[in-house]
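# Fold and geometry: a report
Residues per chain are reported as follows:
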Amino acid sequence: MNTDKLSVRLTKVANYVPQGARIADIGSDHAYLPCFLAKNLKISYAIAGEVAKGPFHSAEKNVLAEGLANTIAVRLGDGLEVIEPGEVDCITIAGMGGALISSILENGNDKLDSVKRLILQPNISAISIRTWLLENNWELIAEEIIEEDSKIYEILVAEKGNPAKPYIEKKEEGLLLGPFLMKQKNEIFKKKWTAEKKNWQRIYEALEGASLNAETIEKKKELTDKIRLVEEVLKS
Ligand code: SAM
């Protein structure tokens, strides 16, 4: 991957950035995504935010080397604290766990007034993001699931709107599996959830040998519910 050629995963994220957007890419690492978007004239301005000094310096180096310092501001800081109110209209956060992405959005909620679109790519626990979006008036408008280098990734896109709309038919299933992804139910989706189900079954069997207490009973029930829910969606 470099500033000319993104991974499939980041290409999907890039595709959802509106033409002419002012973006903040949080956890930008090498700043490949904002550099690629600026070089392809898709954005008018970007902030590449990084909390860690190593990736921050690497982002700075790449932006300077590409001659993009007038378009991309590289800033060191935690989550959305690198954004001034009103500076951007689109935020991308990719390559982290869903819980971390949700906590970044929650901690920086006051910076989201001017933001029209969120493009989020959790490596795990997309449910944390869907739940946060639902509770914070962001409507999920699109989802994708892709496989690259034997890893499966989800991309979630949200705009301000009716947060309950995607979940009108099935809320619990939608939050866990993704309302758009479960409707589409492509081969990658089936592969992901078949593997998750097998993993839960393994954990359940291991618990069969454990001593019965309130905690194991609760855990077993939780696993049974999730296994049943996934089985129903996969066979429907
Ligand atoms: N976004 C790039 C991608 O998708 O390829 C890089 C992903 S990299 C695995 C995650 C990056 O997020 C790391 O560089 C890490 O330092 C940064 N990061 C983690 N927590 C952060 C936070 N709270 N604020 C800003 N950056 C953060």
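Bear in mind that the values here come from a model prediction, so they are computed numbers and not experimental data.

Counting residues in hydrophobic clusters, the biggest one holds 32 residues, and the most contacted among them are Ile23, Ile43, Ile72 and Ile119. Here the element with the most residues in this core is helix H2 (residues 32-39); it accounts for 6 residues. Once residues lying within four places of it in the same chain are set aside, the contact partners of isoleucine 72 are Pro34, Cys35, Ala38, Ala46, Ala48 and Val63. Counting 29 residues, the second largest nonpolar core, distinct from the first, contains Val82, Ile93, Leu140 and Leu175.

Our next topic: the site of the ligand. Around the ligand sit 17 residues in total, of which Arg9, Gly27, Glu50, Asp78 and Gly79 are the nearest. Side-chain polar atom of glutamate 50 to an oxygen atom of the ligand: 2.5 Å apart, as the coordinates give it. In this structure, alanine 94 approaches the ligand through a main-chain N or O atom, which is 3.0 Å from a nitrogen atom. If the ligand stood free it would expose 600 Å²; the protein chains cover 78% of that surface. Contributing elements (two or more residues each) for the shell around the ligand: helix H1 (8-15), strand E4 (90-96) and helix H4 (98-107). For the shell around the ligand, the element with the most residues is E4, which contributes 3 residues. Taken together, the residues of the shell around the ligand break down into 9 nonpolar, 4 polar and 4 charged.

Right, let's talk about the state of the cysteines for a bit. Evaluation of the coordinates by the stated rule reveals 0 disulfides. Of all cysteine sulfurs, the one in cysteine 90 lies closest to cysteine 35, which takes part in no disulfide; the gap is 16 Å.

Considering all chains together, one arrives at 1 aromatic pair under this definition. On the numbers, 6.2 Å between centres and 45° between planes, the contact of tryptophan 193 with tryptophan 200 is tilted. Residues tryptophan 193 and tryptophan 200 agree in their burial class; the two are buried. Taking NZ or CZ as reference, arginine 9 lies 5.5 Å from the ring centre of tyrosine 153, over its face.

Let us look at H2. Most of H2 is tucked away: 7 of the 8 residues are buried. Listed in full, the buried residues belonging to H2 are Tyr32, Leu33, Pro34, Cys35, Phe36, Leu37 and Ala38. Considering only its buried residues, H2 is in contact with H1, strand E1 (21-26), strand E2 (43-50), helix H3 (53-65), strand E3 (72-76) and E4. Leucine 41 sits one or two residues past H2 and shows a positive phi near 55°.

All right, on to the side chain of glutamate 154 then. As for its position among the elements, glutamate 154 is in strand E7 (residues 151-160). A polar side-chain atom of glutamate 154 sits 2.8 Å from a polar atom in the side chain of arginine 130. A distance of 3.4 Å separates the side chain of glutamate 154 from the side chain of lysine 192, its partner in a polar contact. With near-sequence residues (within four places) excluded, glutamate 154 lies in contact with Leu120, Gln121, Pro122, Ala126, Arg130, Glu144, Ile145, Leu177, Leu181 and Lys192.

Right, let's get into the layout of surface pockets. By volume, the largest pocket amounts to about 320 Å³. Listing elements by their share of the lining of the largest pocket, those giving two or more residues are helix H5 (126-135), E7 and helix H8 (187-208). Looking at which element gives the most residues to the lining of the largest pocket, the answer is H8, with 6 residues. When residues of the lining of the largest pocket are sorted by domain, at least three fall in each of domain 1 (8-170) and domain 2 (188-235).

Turning our attention to the environment of glutamate 173. Residue position: glutamate 173 is located in helix H6 (residues 171-177). Along the sequence, glutamate 173 and arginine 130 sit 43 residues apart, while their C-alpha atoms lie 11 Å from each other. Ignoring any residue separated from it by four or fewer positions in sequence, one finds glutamate 173 in contact with Gly178, Met182, Leu229 and Val233.

Along the chain, lysine 197 turns up in helix H8. Those residues in contact with lysine 197 that lie beyond four places of it in its chain are Ile227, Val230 and Glu231.

Parsing the protein into structural domains produces domain 1 (8-170) and domain 2 (188-235). Taking the mean C-alpha position of each, domain 1 and domain 2 sit 32 Å from one another. Each partner contributes residues to the interface: domain 1 has 5 residues there, and domain 2 has 4 residues. Together, the buried faces of domain 1 and domain 2 total about 480 Å²; carbon and sulfur atoms form 69% of this surface. Taken as a group, Ile145, Glu147 and Ile152 account for 79% of the area that domain 1 buries against domain 2, more than any other trio of residues on that side. Across the domain 1-domain 2 interface, the total number found is 2 salt bridges.

Reading guide: rules and limits
Residues numbered from 1 in each chain as written. Predicted model: local features only at pLDDT ≥ 70, side-chain atom pairs only at ≥ 80, totals over all residues. Heavy atoms only, no water. Core = buried A, V, L, I, M, F, W, Y, C linked by side-chain atoms within 4.5 Å. Buried < 20%, exposed > 50% of the residue type's maximum accessible area, 1.4 Å probe, protein only. Helix = DSSP H or I, 4+ residues; strand = E, 2+ residues; numbered from the N terminus. Contact = heavy atoms within 4.5 Å. Near = heavy atom within 4 Å. Polar contact = N/O pair within 3.5 Å; in protein donor to acceptor, adjacent residues only side chain to side chain. Areas by Shrake-Rupley, 256 points an atom, 1.4 Å probe, with all protein chains shown as cover. Nonpolar A, V, L, I, M, F, W, Y, C, P; charged D, E, K, R; others polar. Disulfide = S-S within 2.5 Å. Phe/Tyr/Trp six-rings, centres within 6.5 Å; stacked < 30°, edge-to-face > 60°. Lys NZ or Arg CZ within 6 Å of the ring centre and 35° of its normal. 1 Å grid on protein atoms, 1.4 Å probe; cavity = no way out; pocket = protein on both sides within 12 Å on 5 of 7 lines; lining within 4 Å. Points joined across faces, edges and corners; volume = space filled by probe spheres on them. Domains from an automatic or database assignment. Buried area = accessible area lost by both parts, 1.4 Å probe. Salt bridge = Lys/Arg side-chain N within 4 Å of Asp/Glu carboxyl O.

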